[in-house]
Amino acid sequence: MGDPFTLIADFLRDLLLGFGLDPGLTTAILKFVGAAVTATIALTLTFFTIWLERKLIARFQDRLGPNRVGPYGLFQTVADFAKLLTKEVLVPEGADRSVFMIAPLLVVMSVVGLWAVVPFAPTLFGSDINVGVLYLVSIGSVGTLGIMMAGLSSNNKYALLGAFRTVAMMLSYAVPMILTLLIPTMLAGSMGLTKIVEAQNPVWFVILSPIAAFIFYISSLAEVGRTPFDLMEAESEIVAGFHIEYSGISFGMFFVAEFLHAFTIAVLTVTLFFGGWQGPGAEAFPILGFVYFLIKTAILYFVIIWIRATFPRLRIDTINSISWKILTPLALAAVIFTAIIDKLTPGDGWARVPLHLAGSVILIGLTLIAFRAYARSIRKQSEGSGKSLAQTSEAGS
Amino acid sequence: MHEPWIFIAFLIPLGIILPATAIGLNRLLAPRKPNPIKQSTYECGMETVGDTWVQLKGQYYIFGLIFLIFDIEAVFLFPWAVAYQQLQLYMVLEGIFFILLLAGGLLYAWRRGALEWV
Amino acid sequence: MTVLQIIFLGISVIIVIGALMTVSSPNLVHAALWLILALAGVAAIFVLLEASFLAVVQVAVYIDAISILIVIAVMLTRRAMGETERQINRSWLLAAFAAFMVFSGILSLFSQVPQLANTPSDLVESSEFYIQELGKALVNVDQSIIPFEVASVLLLAAMIGAIFIARPPERAGGDS
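Residues numbered from 1 in each chain as written. Chains lettered and ligands numbered in written order. Predicted model: local features only at pLDDT ≥ 70, side-chain atom pairs only at ≥ 80, totals over all residues. Heavy atoms only, no water.

Draft legend 1. Spatial organisation of the environment of B:Ile6. One can find B:Ile6 in helix α1 (residues 3-29). Expressed as a C-alpha distance, the spacing of B:Ile6 and B:Asn26, which sit 20 residues apart in the sequence, is 31 Å. (Helix = DSSP H or I, 4+ residues; strand = E, 2+ residues; numbered from the N terminus.)

This is the structure in C-alpha cells:
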C-alpha cells in the first residue's frame, strides 16, 4: 500500500522476465527506464519551477506575473518553450561551431547528473553509490567546464570575460562547499547519500551543524549564479555574460539548466542536512517519506526565490572575498569543531546535540568578534584617509 | 558492484541526448536565414573592434591554483571522514593537523594579498 | 566477449582517440578539450575496475581543477583561438620511436608482474569498506601517517610557491 515504487519496479521486472529475457538484461532495461523517467521528470519540472519563480517574484514585487496562458498563467513556460524552439539558433561569425553547440548540452548534463544519487524516498533512488558526496562535487563542476566552453567558443569579448568571471566565482565557492560536505560524511560515516539520510534519524544534521548547512546552501547558490551572485549576467558590465551569443533553444538550455540547478540545490540541501525523507512514519510508508521530502524541498526552494527577490547583486571583488575570507575559514573551523566535539560527545541521538550546539554558538560568536574587529580596522582606515578617499571617488566618477 | 553505476551510465548520456533532441527539433522547426550582419558578434550594437582575445588577469590563475590545492586536500580528507566513526581521538587530531596546515597556506595567501580581486 | 569487455573496448577507443587528437589538434583550446575527453574516459575505466573512489577523484581533480587550470593558463600565455601552427617538426620520427620504446618497455615490465595476470574477482566486501580502510590507513601510526602529513606539507609548499611566483614580494606589501 505505502510503497508504490517497489511495486511498480517489481511489476515491470516480472513482466520483462515473463517475456523470457535474462535477469541481467532485465536489470539493465529497468535501470534505463528509471534513468529516462528521472531525466524527463527533472527537465519537465523546470516548466513548472520557472512559472513558479516568475509568479512568486512578481508577487514579491507587487506585480501579477504571468497570467494569460492557461489558468494562473500556468502554461506560460510551455508557450515560451515553443517560441524558443522555433527561433533561429545563430552561430556568430568566427565562433568555434562544435564547441559552441556542445557547451549547453554539458551544462544541462551536469545538472541532470546530480539527480542520479538523490534518495527521494526510502525505496526510491536512482543509484546508491558509496561515493555519492564526491560524485555530487565532481559532476556538478562539469557545468563549470560547459560555461568555460561557451565563453571560449563565442568569439565575443563579453562572453569571454563573463565566462572567466563565472569560472573564478565557481572555483571560489566550490572550496567551502566541498569542505562543508566533509561534515555530513563525518557524522554519517559514509559518502553514500542513502546512508547519510538514514543517519539523520532522529537528529537532522542541520541541528548538529547549522553553520555547515548555511555555508553549503550559500555556496551552492553561488555555484548556480543566482542573485545575489549573478554577476555573470551583470548587464551593465558585461551585457549577458557567457551566453550572450546564444539564441533560440541553445539559450533555452542554459536557462533550463540554471532553474533546474536552483531546484536541485534545495533537493541536495534537504538530503544532506534536513533529513531527506525522514519524518514520522516514513520508514513504514515510503510514499509518506516522499511527501515529507517534497514539503522540505518546497520550503527551501521558496527561500531561494525569496533571497533572489530580496538581495541586490554583489560586486565581483566582494563576492570573491566572501568566499575566500569568510566562508572558507568558517568551513575549515566548522570541520575542526565538529570533528573534535563529535569525538568527545558520549552517546547517540539527541544526547550529542547540546555540545554540538554549544560549539556552533562559540564559532558564530568568534566569527562576529572577527567581523567587528575587521569593521573597526576599516573604519579607522577610512577616518585616517577619509578626505582623500572622498576626493578620489569624486575624481573617479 | 557495478549495478549502481548502470543507472548513472544511462542518466548522463540521457542528460546530453535530451537537450540535443530539443536542439535537433529546433533545426527542423526554425528558419535558417543567415546573413553577415546577423552573424556578426554582438558588441553593444557597434562594429566589433579588435580581436576577441583579451588579456586575462593573473588572478584567475591564482584562484585556480588555490582551488586545485583545496580540491586535493578534500580528496585526502574524505576517506578520513568516512572512517571517522572508528578512529581514536589522536587519529582525528592528525586529520585536523592536516587541515590546519592547509589553513596556514590560506592565511599566507591572504596576508600576501593573493585573495584580493584587484 | 562479455558486455563488460565490449564497454571496456569502447571506452579505450574513446581514450585513444582523445589522446591522439590532444597531440595533433592545431588549436590549443581544442587540444585541452580532447584531453578532458581522454581523462573522462579514464574515469569510466576506473568505474569498470570497481574503483569508484578513484573514478570520482579523477573527475573532481583532473576534469574540474587541472583542466580548467590548463585552459586558464593557455588563455593567459598566448593567443590561443584559431591558432594554426605546424604540428610536427623534423625530429617527429625520433620522438615516435622513443615513445614506442618507452611504451613497450613498460608493457614488458608489467607483463612480468604475476599478480596482474589474475582476475580480481574476490572483491567480496562492499567498496564502502575499502574507503573506510583507506581512511584508517591514512591516519594509522603503523601505516601511512607519514605520507599523509607529508602530502599536506607538500600541498602547503605548492600553494606558497605558486603564490610567491605569481605575486613577487615587492607588489604585495603596502597597506593591504
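Draft legend 2. Inspection of the pattern of salt bridges at higher detail. Residue and element names in this part refer to chain A. Inspection of every chain in the model, using the stated rule, returns three salt bridges over all chains. We note a salt bridge from Glu53 to Arg308, for which the minimum N-O separation is 2.8 Å. Remark: Arg308 occurs in helix α12 (residues 286-310) and Glu53 occurs in helix α2 (residues 23-60); sequence separation between them is 255 residues. The class for Glu53 is buried, based on a relative accessible area of 1%. (Salt bridge = Lys/Arg side-chain N within 4 Å of Asp/Glu carboxyl O. Buried < 20%, exposed > 50% of the residue type's maximum accessible area, 1.4 Å probe, protein only.)

Draft legend 3. Representation of the nonpolar core within the structure. Core analysis: the biggest nonpolar cluster contains 187 residues, and A:Tyr135, A:Met191, B:Ile66, B:Phe70, B:Phe78 and B:Trp80 have the highest contact counts within it. A per-element tally of this core places helix α6 (residues 157-188) of chain A first, with 20 residues. In this structure B:Phe70 touches A:Val175, A:Leu179, A:Trp324, A:Thr328, A:Leu332, B:Leu102, B:Leu106 and C:Met159, once residues within four positions along its chain are discounted. With five residues, the next largest nonpolar core counts C:Ile11, C:Ile15, C:Ala38 and C:Ile45 among its residues. (Core = buried A, V, L, I, M, F, W, Y, C linked by side-chain atoms within 4.5 Å. Contact = heavy atoms within 4.5 Å.)

Draft legend 4. Broad picture of helix α13 (residues 316-344) of chain A. Taking 1.5 Å per residue as the helical rise, α13(A) with its 29 residues ought to reach 42 Å, and the 41 Å between its terminal C-alpha atoms agrees with that figure. Maximal helix bending in α13(A) amounts to about 30°, located at A:Leu327; proline A:Pro329 follows within four positions. (Expected span 1.5 Å × (residues − 1). Bend = angle between axes of the 7 residues up to and from the residue.)

Draft legend 5. View of the interface of chain B and chain A. Counting from both sides, the interface comprises 68 residues of chain B and, opposite them, 87 residues of chain A. Around 6,900 Å² of area is buried between chain B and chain A when both sides are counted, 76% of it from carbon and sulfur atoms. Contact with chain A buries surface across chain B, with B:Phe7, B:Phe78 and B:Tyr84 losing the most and accounting together for 11% of the total. Linking chain B with chain A are zero salt bridges, by the criterion used here. At the junction of chain B and chain A, the tally comes to eight residue pairs in polar contact (both at pLDDT 80 or more). Secondary-structure elements contributing two or more residues to the side of chain B that touches chain A are α1, α2 (36-39), α3 (58-83) and α4 (89-111) of chain B. The dominant element in the side of chain B that touches chain A, judged by the number of residues it contributes, is α1(B), at 21 residues. Residues belonging to the side of chain B that touches chain A are distributed by class as follows: 48 nonpolar, 10 polar and 10 charged. (Buried area = accessible area lost by both parts, 1.4 Å probe. Polar contact = N/O pair within 3.5 Å; in protein donor to acceptor, adjacent residues only side chain to side chain. Nonpolar A, V, L, I, M, F, W, Y, C, P; charged D, E, K, R; others polar.)

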